[in-house]
Amino acid sequence: MRHSYDYIVAGAGCAGLSLLWYVLDSPLQETRILLVDHDLSPQPKKTWCFWGNDSLPFQHIADRSWDRMAVGFPDRWVEEDLGHNVYHCVRSEAYHEHVMERVRAHSNVTLLEADIDGLYDTAGGAVVEAGGHSYAARHVFQSCFVSPYDRAQPVHYPLRQHFGGWEIETATAAFNPDVVTLMDFDTAQHGATVFYYILPFSPTRALVEYTVFSPDPWDRARYDAAIHRYIRQLTDAPYEVIRREYGVIPMEERPRHQRYGQHITSIGTVGGITKPTTGYTFQRVHEHTHQLVRTMLADGRPDPVAVTSPRYRFYDLLLLRILHEHPQWGRPIFHRLFAYNSIDRVLSFIGEDTHLGQDMRIFSRLPYGPFLKAIAPNLPLMPRVLFPEEPDAQVPKPTTTSSSPTAAVTS
Ligand SMILES: Cc1cc2nc3c(=O)[nH]c(=O)nc-3n(C[C@H](O)[C@H](O)[C@H](O)COP(=O)(O)OP(=O)(O)OC[C@H]3O[C@@H](n4cnc5c(N)ncnc54)[C@H](O)[C@@H]3O)c2cc1C
């Protein structure tokens with residue numbers, strides 16, 4: 001088959017746009033590229049937060065950045081300056097605009113708004129079926145579907161992070177815009193791990209989010225009721241809801257692989273880039289896609305790139321089992337974590353930016369019992385989870401092309 005494109009980017013969310021950004025910033029910028037999504041207009045759907053030192057990509061388009069943070073429990077409230085880390089918030093529409101500005105300067109990038117119905121390998125490339133047409137390329141990057149190989153693997157801890165958030169404007173000052181509330185656990189746990197999160201943009205504007213770690217998402221009305229209750233605890237001021245966001249992020253132990261097909265690479269959440277115990281993805285997506293582009297330059301093809309190490313996969317595996325099998329331990333573990341470590345150190349730990357000695361100090365203060373008990377039952381899962389091997393997948397052309405190739409994206 002003749003390839004009309006060198007690369008197709010299927011899905012123009014965080015990962016697709018990030019990949020495109022780095023390709024257009026590289027010697028590959030003149031290649032023929034097709035970008036496909038249902039909707040290529042900027043959407044105020046998400047606020048992406050991430051943290052690190054002062055050299056993070058896209059921090060300059062942050063709507064707001066904070067260097068002070070709080071965590072809460074029924075018996076204590078901790079508020080601290082961050083040391084090494086700054087916490088940034090980028091709005092999805094601003095991110096989209098920023099990347100599309102670069103895209104518009106490249107006439108070799110074709111934009112297509114269409115539903116993607118199928119992806120499959122061909123002899124020397126891959127095909128994307130979208131809007132009733134077939135588009136061929138040497139390689140496809142996709143962030144829309146969990147791969148057939150991954151869907152066929154078992155899941156032992158089918159947890160999800162599910163949440164609802166309201167961005168509100170209050171009639172009078174209600175928030176301290178200098179302090180992000182990362183987790184406020186001073187709320188009923190409902191047999192799960194449950195907390196509130198506040199991003200204060202100004203004294204009168206904030207995103208207030210209610211987050212649950214449990215297997216099944218709730219009805220939106222249930223998040224809404226919890227958010228309203230919490231806002232009423234914070235302030236009596238009348239308020240208006242400016243924007244709502246809801247999400248479901250996978251927290252399962254089952255690894256997701258990057259090799260969807262011989263010539264199809266999964267990126268973003270469907271490519272396993274989301275950290276399962278926190279749902280944080282934005283920063284890792286950028287590391288991943290940047291690294292992919294480097295491998296394309298070095299090796300002539302995008303080889304899978306690990307964004308995390310077996311050490312952190314091990315910690316995540318233990319915590320996922322605890323949160324799934326013994327959810328009553330969720331809040332006490334976070335309580336101890338923040339009682340004995342600065343918030344800044346915890347951010348570095350969950351951002352996978354600590355060394356082994358620091359990790360040992362952190363674990364030495366956590367309740368040992370649940371972690372030790374989680375090791376033995378996880379032993380059979382460890383080879384697959386800690387050292388995932390990329391499948392030698394070849395995705396054939398489906399016999400009928402009308403059905404979707406895979407389950408829908410989960411976030
Ligand atoms: C509300 C919300 C808030 C979040 N906040 C944070 C945060 O603060 N920090 C953080 O690190 N992570 C956060 N995450 C997690 C993660 O960063 C996001 O989900 C991120 O958008 C994942 O990027 P992605 O490219 O994998 O998926 P997406 O950004 O969802 O992109 C997938 C794209 O594919 C398109 N698509 C899917 N199926 C089809 C199809 N069949 N046909 C055509 N197009 C299709 C979609 O339209 C979409 O544009 C959040 C997630 C949610 C849901």
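Residues numbered from 1 in each chain as written. Predicted model: local features only at pLDDT ≥ 70, side-chain atom pairs only at ≥ 80, totals over all residues. Heavy atoms only, no water.

Considerations on the overall build of the protein
1) Next: Per the secondary structure count, the protein includes 11 helices and 18 strands.
2) Next: Whereas a compact globule of 411 residues would reach a radius of gyration of roughly 22 Å, the protein reaches 22 Å, a difference of no more than 12%.
3) Next: If you line up the protein on its principal axes, its C-alpha atoms span 65 × 55 × 40 Å.
4) Next: Counting across all 411 residues of the protein, residues that qualify as buried make up 57%.
5) Next: Taking contacts inside the protein between residues at least 6 apart in sequence as the whole, the part at least 24 apart equals 77%. (Helix = DSSP H or I, 4+ residues; strand = E, 2+ residues; numbered from the N terminus. Rg over C-alpha atoms; globule rule 2.2 N^0.38 Å. Buried < 20%, exposed > 50% of the residue type's maximum accessible area, 1.4 Å probe, protein only. Contact = heavy atoms within 4.5 Å.)

Notes on the packing of helix H1 (residues 14–24) against helix H2 (residues 92–104)
1) Next: The contact between H1 and H2 brings their axes to 10 Å, and the two run at 35 degrees. Considering the relative orientation of H1 and H2, their crossing is left-handed. Along its contact with H1, which presents Cys14, Leu17, Ser18, Leu20, Trp21 and Leu24, the element H2 presents Tyr95, His96, His98, Val99, Met100, Arg102 and Val103.
2) Next: Residues of the contact of H1 with H2, tallied by class, amount to nine nonpolar, three polar and one charged. (Axes fitted to C-alpha atoms, helices over the stretch in contact; angles between N-to-C directions. Left-handed = near helix turned anticlockwise from the far one by under 90°. Nonpolar A, V, L, I, M, F, W, Y, C, P; charged D, E, K, R; others polar.)

Brief notes about helix H9 (residues 356–364)
1) Next: Within H9, the full set of buried residues consists of Gln358, Asp359, Ile362 and Phe363. An end-on view of H9 places all buried positions within 135 degrees of arc, on one side of the element. (Arc of directions from axis to C-beta.)

Details of the packing of aromatic side chains
1) Next: As enumerated under the stated definition, the model contains 29 aromatic pairs in all.
2) Next: Consider the rings of Phe73 and Phe338, whose centres lie 6.4 Å apart with planes at 45 degrees: the pair is tilted. Of this pair, Phe73 sits in strand E5 (residues 68–73) while Phe338 is found in helix H7 (residues 330–340), placing the two residues 265 residues apart along the sequence. Taken as a pair, Phe73 and Phe338 share a single burial class, namely buried. (Phe/Tyr/Trp six-rings, centres within 6.5 Å; stacked < 30°, edge-to-face > 60°.)

Describing the sheet that holds strand E4 (residues 64–66)
The strands making up a sheet associate through backbone hydrogen bonding, with each pair oriented either parallel or antiparallel.
1) Next: Taken in spatial order, the three strands make up an open sheet running E3-E7-E4, and their pairing is antiparallel. The sheet is open, and its two edges are formed by strand E3 (47–52) and E4, each paired on a single side. Each adjacent strand pair in this sheet contributes to an overall mean axis angle of 20 degrees, direction not counted.
2) Next: Strands in contact with H2 are E3 and strand E7 (86–91); relative to E7, the strand with the most contacts, it is inclined by about 75 degrees. (Pairing = 2+ DSSP bridges.)

Points about the domain arrangement of the protein
1) Next: Along its sequence, the protein is organised into domain 1 (5–65 + 84–154 + 254–299), domain 2 (160–250) and domain 3 (310–386).
2) Next: Each of domain 1 and domain 3 has a C-alpha centre, and the two are 30 Å apart.
3) Next: The interface is formed by 12 residues belonging to domain 1 together with 12 residues belonging to domain 3.
4) Next: Summed over both sides, the interface of domain 1 with domain 3 buries roughly 1,100 Å², with 54% coming from carbon and sulfur.
5) Next: Its largest share of buried area at the contact with domain 3, domain 1 owes to Trp51, Lys275 and Thr277, together 41% of the area lost on that side.
6) Next: Residue Arg284 pairs with Glu352 through a salt bridge whose shortest N-O separation is 3.3 Å.
7) Next: At the surface where domain 1 touches domain 3, the tally comes to nine residue pairs in polar contact (both at pLDDT 80 or more).
8) Next: Residue classes in the side of domain 1 that touches domain 3 are distributed as four nonpolar, five polar and three charged. (Domains from an automatic or database assignment. Buried area = accessible area lost by both parts, 1.4 Å probe. Salt bridge = Lys/Arg side-chain N within 4 Å of Asp/Glu carboxyl O. Polar contact = N/O pair within 3.5 Å; in protein donor to acceptor, adjacent residues only side chain to side chain.)

Quick notes on the nonpolar core
1) Next: If you look at the biggest cluster of nonpolar residues, it comprises 49 residues, and the most contacted ones within it are Met69, Tyr87, Leu182, Leu199, Phe334, Phe338 and Phe371.
2) Next: In terms of residue count, helix H6 (residues 310–325) provides more of this core than any other element does, eight residues in total.
3) Next: When near neighbours in sequence (up to four residues on either side) are disregarded, Leu182 contacts Met69, Ala70, Val71, Tyr87, Phe195, Tyr196, Tyr197, Tyr280, Phe338 and Leu347.
4) Next: Leu24, Tyr95, Val99 and Val305 belong to the second-largest nonpolar core, a separate cluster that totals 38 residues. (Core = buried A, V, L, I, M, F, W, Y, C linked by side-chain atoms within 4.5 Å.)

Quick look at the sheet that holds strand E16 (residues 239–250)
1) Next: Overall, mixed pairing links the seven strands, which are arranged E6-E5-E13-E14-E15-E12-E16 in an open sheet. Each having just a single partner strand, strand E6 (76–81) and E16 make up the two edges of the open sheet. In this sheet, neighbouring strand axes are inclined to one another by 15 degrees on average, regardless of whether the strands run parallel or antiparallel.
2) Next: On the sheet, H7 packs against E5, E6, strand E13 (180–184), strand E14 (193–202) and strand E15 (205–214) and is oriented at approximately 135 degrees with respect to E5.

Considerations on the site of the ligand
1) Next: In the vicinity of the ligand there are 29 residues, among which Ala15, Asp37, Cys49, Thr281 and Phe282 approach most closely.
2) Next: The separation between a nitrogen atom of the ligand and a polar main-chain atom of Ile116 is 2.8 Å.
3) Next: Phe282 places a main-chain nitrogen or oxygen 2.8 Å from an oxygen atom of the ligand.
4) Next: Coverage of the ligand by the protein chains reaches 91% of its 960 Å² of free accessible surface.
5) Next: Going through the elements one at a time, H1, E3 and E16 are the ones with two or more residues in the shell around the ligand.
6) Next: Residue contributions to the shell around the ligand peak at four residues, all from E16. (Near = heavy atom within 4 Å. Areas by Shrake-Rupley, 256 points an atom, 1.4 Å probe, with all protein chains shown as cover.)

With respect to the confidence of the model for the protein
1) Next: Mean pLDDT for the protein: 94, with 96% of residues reaching 70 or above.
2) Next: A low-confidence stretch, residues 401–411 stays under pLDDT 50, and its non-local contacts, those more than four residues away or across chains, total 33 contacts. (pLDDT = per-residue confidence, 0-100.)

Looking at the pattern of salt bridges
1) Next: Applying the stated criterion to the full structure yields 21 salt bridges.
2) Next: Among the ionic pairs, Asp6 bridges to Arg32, the shortest N-O distance being 3.2 Å. Taken together, the residues Asp6 in strand E1 (residues 5–10) and Arg32 in the loop between H1 and strand E2 (33–37) connect sequence positions 26 residues apart.
3) Next: Put simply, Arg254 and Glu252 hold a salt bridge, and the shortest N to O gap is 2.8 Å. We note that Arg254, like Glu252, is buried.
4) Next: Residues joined in a network through salt bridges with shared partners are Asp63, Arg91, Glu167, Glu169, Arg205, Arg243 and Glu245.

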